[in-house]
Amino acid sequence: MTEVTLTEGVSKVKAQGMGVHKPEEIEGKGHRDIQVLSDLLADKEFFFGTEPALLDVVAFSVLSQFVCFDPEVEFPLRTWIEQNTPNVISFVDRMKEKCFPDWEDMLKNLDLNSHLPKEKKEEPAEEKTDEKKEAPEKTEEVKEEAKVNGEKEEKKAE
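Residues numbered from 1 in each chain as written. Predicted model: local features only at pLDDT ≥ 70, side-chain atom pairs only at ≥ 80, totals over all residues. Heavy atoms only, no water.

Peer 1: Please explain helix α4 (residues 76–84) as it appears in this structure.
Peer 2: For the α-helix, the turn length of 3.6 residues means that residues three or four positions removed from each other point alike. The set of residues buried in α4 consists of Leu77, Arg78, Trp80 and Ile81. Relative to the axis of α4, the buried residues are bounded by an arc of 160° and lie together on one face. (Buried < 20%, exposed > 50% of the residue type's maximum accessible area, 1.4 Å probe, protein only. Helix = DSSP H or I, 4+ residues; strand = E, 2+ residues; numbered from the N terminus. Arc of directions from axis to C-beta.)

Next up, the structure:
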């Protein structure tokens, strides 16, 4: 992998477009985009009526990142959404209720780093001895089943 110098990185950001704007301009673009969604949603439950459609899912995937941002962390865009587009907040809540009724459980139990390898935990010694006890019994069951099947085969051959 090649290293990118700071100058090259800045050049790429500027070439992409956002790097030429001031932070206030970028935030303003976010406000306008969210306002468009708010206007399109208006007082409807979902963008196209009473049931979620693809646009609802896509909008939720983006808006929930802003609306559900940790309340203890200051986040100006969330504050702006709360003050200027309350229907967006209601929309996110409706989508959570309709599509993710287990939202809170997911947040508590979701492995956010599922791609990282996990340490294998040692099993307690008691469980290992139980497994060893079960294995011979299963082997005996398999042998008995094979014997019965063998006897059936012999009877068919006669």
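Peer 1: Just to check I follow, could you spell out a nonpolar patch on the surface for this structure?
Peer 2: A contiguous nonpolar surface patch, about 290 Å² in accessible area, is contributed by Leu54, Val57 and Val58. Topologically, valine 57 is positioned in helix α3 (residues 54–67). Of the residues examined, valine 57 reaches a relative accessible area of 44% and is grouped as partly exposed. (Patch = residues over 30% accessible without salt bridge, like charges linked within 9 Å, V, L, I, M, F, W, Y side chains within 5 Å. Areas by Shrake-Rupley, 256 points an atom, 1.4 Å probe, with all protein chains shown as cover. Salt bridge = Lys/Arg side-chain N within 4 Å of Asp/Glu carboxyl O.)

Peer 1: Just to check I follow, could you spell out the packing of α4 against helix α5 (residues 86–99) for this structure?
Peer 2: When two helices pack together, their arrangement is given by the angle between the helix axes and by the axis-to-axis distance. In contact at an axis separation of 5 Å, α4 and α5 are set at 105° when each is read in the N-to-C sense. Relative to α5, α4 is oriented roughly perpendicular. On α5, the residues touching Ile81, Glu82 and Asn84 of α4 are Pro86, Val88 and Ile89. When the residues that make up the contact of α4 with α5 are grouped by side-chain class, the tally is four nonpolar, one polar and one charged. (Axes fitted to C-alpha atoms, helices over the stretch in contact; angles between N-to-C directions. Parallel < 35°, antiparallel > 145°, perpendicular 65-115°, else oblique. Contact = heavy atoms within 4.5 Å. Nonpolar A, V, L, I, M, F, W, Y, C, P; charged D, E, K, R; others polar.)

Peer 1: What is the right way to look at the pattern of salt bridges in this model?
Peer 2: When charged atoms on two side chains of opposite charge get close, those side chains can pair. Using the criterion set out here, one finds three salt bridges in the structure. Notably, a salt bridge pairs lysine 98 with glutamate 51, separated by 3.1 Å at the nearest N-O pair. Here the residue lysine 98 occupies a position in helix α5, and glutamate 51 occupies one in the loop between α2 (23–41) and α3, the gap between them amounting to 47 residues. Residue glutamate 51 is classed as partly exposed on the basis of its relative accessible area of 45%.

Peer 1: Help me understand the environment of histidine 21 in this model?
Peer 2: Within the secondary structure layout, histidine 21 lies in the loop between α1 (6–16) and α2. A residue is classified by how much of its surface remains accessible, and histidine 21, at 29% relative accessible area, is partly exposed. Not counting the four nearest positions on each side in its chain, histidine 21 is found in contact with Ile26 and Lys29.

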